[in-house]
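For reference, the chains in residue letters:
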Amino acid sequence: MRALVIDDSRTMRRIVADILSGLGFDTSQASNGREALDLLDAGDAFDLACIDWNMPVMDGLEFVVAVRARREWRDLTLIMVTTEGERGQVVRALAAGAHEYVMKPFTPDALASKLALLGLLPFEESP
Amino acid sequence: MSMPGAIDAGQVAIIATEVFAAMIDREAGFLTTWSGGPLTVADPLYAWVDLSTVPASRLQLSTDAGTADEVTRAFLTMGRVEPVAEADVADALGEIANVLAGNVKALLPEHVEMTLPKVSWQSPSRDGARLNEVLLEWRGRPIIVSLGTI
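I will try to describe carefully the structure that is included in this document.

Basis of the calculations
- What you see as residue numbers is a count from 1 along each chain, following the sequence as written.
- As a convention, the first chain written is A and the first ligand written is 1, with the rest following in written order.
- Thresholds applied to this predicted model are a pLDDT of at least 70 for local features of residues and 80 or more for the giving and counting of side-chain atom pairs; totals over whole chains, interfaces and linings are not thresholded and use all residues.
- With C-beta atoms placed from the backbone, a residue is buried if 20 or more other C-beta atoms are within 10 Å of its own, exposed if 12 or fewer are, and partly exposed between those counts.
- Strands here mean DSSP runs of E at least two residues long; helices mean DSSP runs of H or I at least four residues long; both are numbered from the N terminus.
- Between any two strands, at least two bridges found by DSSP are needed for them to pair.

**Brief notes about the pairing of strand β4 (residues 77-83) of chain A**
Residues and elements named next belong to chain A.
Then comes step 1: Within β4, six of the seven residues are buried, leaving the element largely enclosed by the surrounding structure.
Then comes step 2: When strand β3 (residues 48-52) meets β4, the two strands line up parallel, connected through five bridges. For Cys 50, the partnering residue across the bridge sits in β4 and is Ile 79.
Then comes step 3: Where β4 lies against strand β5 (residues 100-104), five bridges are found, and the strand directions are parallel. Note that in β5 the partner of Ile 79 across the bridge is Glu 100.

Printed below as a string of structure tokens:
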């Protein structure tokens, strides 16, 4: 499976990508929603996108809306990665088409649990 | 001294402790309240996020260069001899400030916006800023988390 990690913090991109790699994903990274859309437009196919909320250029919600407007990307699973303070806004992202969310700070197990719930991990690998 | 939404220093310390336990150390117990006397950080690096409270408020993290390097090394699970790039330090400290601010924001009764994190060796505090300091100790090293109106 392929995962796209979208975050303006390269620290967070690296951490999330490391977790996903450890779970067996091939990962790519983008530093904002616009860069991520460019990758998708270029034909890169992903099973999962982990999306930060607060980013310059194009934020996470705008990215979710843009992805859900395109039928060819309807199978892309979207997980918001946000801080606790954005919990209320996550509702907007879920309404726009995101599938799940994890709150920062989170542990690798917390992310793996979300992926397992979404059927993106074999259940025997879930914590 | 004031803190947005009457958030007290104890709540800020708890947030910082939880953030470090989950993101930096991957286990609890390494970030505690500073147990020494008066705390002075030499040549501090600042990372901060502003909140659109009324009046505006700021969550600020500051520490010395050596501690910033070690926090970054832990955050990125880097080896002991692997060099830490300055850009990685700035990014890591900014992200920690971002997560701290996001969790402070969650305690506020009203919806507020957060700026993207900024990091600088120059203090962002300005005349009129009233920041409350929470003195913390991470693996014996000083870290100050400040919150207040600007």
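**Considering unusual backbone geometry**
Among all residues except glycine, the phi angle is most often negative; among peptide bonds, the trans geometry is most common.
Then comes step 1: At the junction of Lys104(A) and Pro105(A), the peptide bond is cis and its omega measures out at 5° in the coordinates.
Then comes step 2: Examined against the element boundaries, Pro105(A) turns out to sit in the loop between β5 and α5 (108-117).
Then comes step 3: A cis amide bond links Val54(B) with the next residue in sequence, Pro55(B), at an omega value of -5°.
Then comes step 4: Here Pro55(B) is to be found in the loop between β2 (45-51) and β3 (57-63).
Then comes step 5: The phi torsion at Thr77(B) lies on the positive side, around 45°, for a residue other than glycine.
Then comes step 6: Structurally, the position occupied by Thr77(B) is in the loop between α2 (65-75) and α3 (86-105).
Then comes step 7: Positive phi, normally seen in glycine, also occurs at Arg139(B), with a value near 50°.
Then comes step 8: Mapping Arg139(B) onto the fold places it in the loop between β5 (130-138) and β6 (141-149).
Then comes step 9: We classify Arg139(B) as partly exposed; it has 15 C-beta atoms within 10 Å.

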